[in-house]
Amino acid sequence: MVKRIEEIKRYCYTEDYSAEFDFCRKLDFKNYLSHSCYFSTHRKILNTKELKKLERFFNKCVRDYIKNVLQDPEIKVFVADSWVAKQDTGQSVHSHKHHNRSLLIGVFYFNVPDDSTPLILHLGIDKKVIINVQSGELIIFENKFKHSVAKNNNKNTRFCLSFNLWAKEKISLQNCS
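Colleague: Requested: an account of the overall build of the chain, with residues and values cited.
Modeller: Secondary structure assignment for the chain yields 2 helices and 11 strands. Starting at the N terminus and walking to the C terminus, you meet the elements of the chain as β-α-β-β-α-β-β-β-β-β-β-β-β. Principal-axis analysis of the C-alpha atoms places the extent of the chain at approximately 45 × 40 × 30 Å. Put simply, the chain has 177 residues, and 50% of those count as buried. Long-range contacts, defined as pairs at least 24 residues apart, comprise 84% of the intrachain contacts of the chain with a sequence gap of at least 6. Carbon and sulfur atoms form 48% of the exposed surface of the chain, whose accessible area is close to 9700 Å².

Colleague: Which residues make up the environment of Leu33, and what are the values?
Modeller: In this structure, Leu33 sits in the loop between β2 (29–31) and β3 (38–40). Exposure remark for Leu33: the relative accessible area of 37% places this residue in the partly exposed category. Taking the C-alpha atoms as reference, Leu33 lies 9.5 Å from Val93; in sequence the two are 60 residues apart.

Colleague: Which residues make up the sheet that holds strand β10 (residues 146–149), and what values go with them?
Modeller: Hydrogen bonding along the main chain pairs the strands of a sheet, whether they run parallel or antiparallel. One open sheet holds the 4 strands; their spatial order is β5-β10-β7-β8, and the pairing between them is antiparallel. In this open sheet, the two strands that pair with only one neighbour each are β5 (93–96) and β8 (128–131). Each adjacent strand pair in this sheet contributes to an overall mean axis angle of 20°, direction not counted. One ladder, built from 4 bridges, connects strand β7 (residues 119–122) with β8; its direction is antiparallel. The partner of His122 across the bridge, within β8, is Lys128.

Reading guide: rules and limits
Residues numbered from 1 in each chain as written. Predicted model: local features only at pLDDT ≥ 70, side-chain atom pairs only at ≥ 80, totals over all residues. Heavy atoms only, no water. Helix = DSSP H or I, 4+ residues; strand = E, 2+ residues; numbered from the N terminus. Buried < 20%, exposed > 50% of the residue type's maximum accessible area, 1.4 Å probe, protein only. Contact = heavy atoms within 4.5 Å. Areas by Shrake-Rupley, 256 points an atom, 1.4 Å probe, with all protein chains shown as cover. Pairing = 2+ DSSP bridges. Axes fitted to C-alpha atoms, helices over the stretch in contact; angles between N-to-C directions.

Given below as structure tokens:
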């Protein structure tokens, strides 16, 4: 259960990221489920030189999240994997949770077409938080939430970059929720 809505934090990237977006659009993608969106075959995309500027922004936001939301600046994390998702018209992302070792999840939205479907965090059987996302926005949340994206009814393809953050050592978050 979400006890504090602050567990979900939004950050706005104000610099131009068109070169990074162009790079990501040209990646190789694979569809793993027929109704799902496409995922880049490169699973450590933040390790590329083309995305270093975004990676620096993400690192700054993650440090802020750990300090101000988890309230433990001693927690050290690393990006375990990162990928780009491409959601064409009619595609969705089923409700899912990431690997158990993931502490935090980050999602950066390159482009969000008008009337695009929101990110949905599932808090329980009938409880959810709807997040209407915007282009250039990074959303960070704890991995305790399942999340999904409904079918894209827009004619424009939506692209986002996601990453999992793992703790460098075993930690207890009992004081964080």
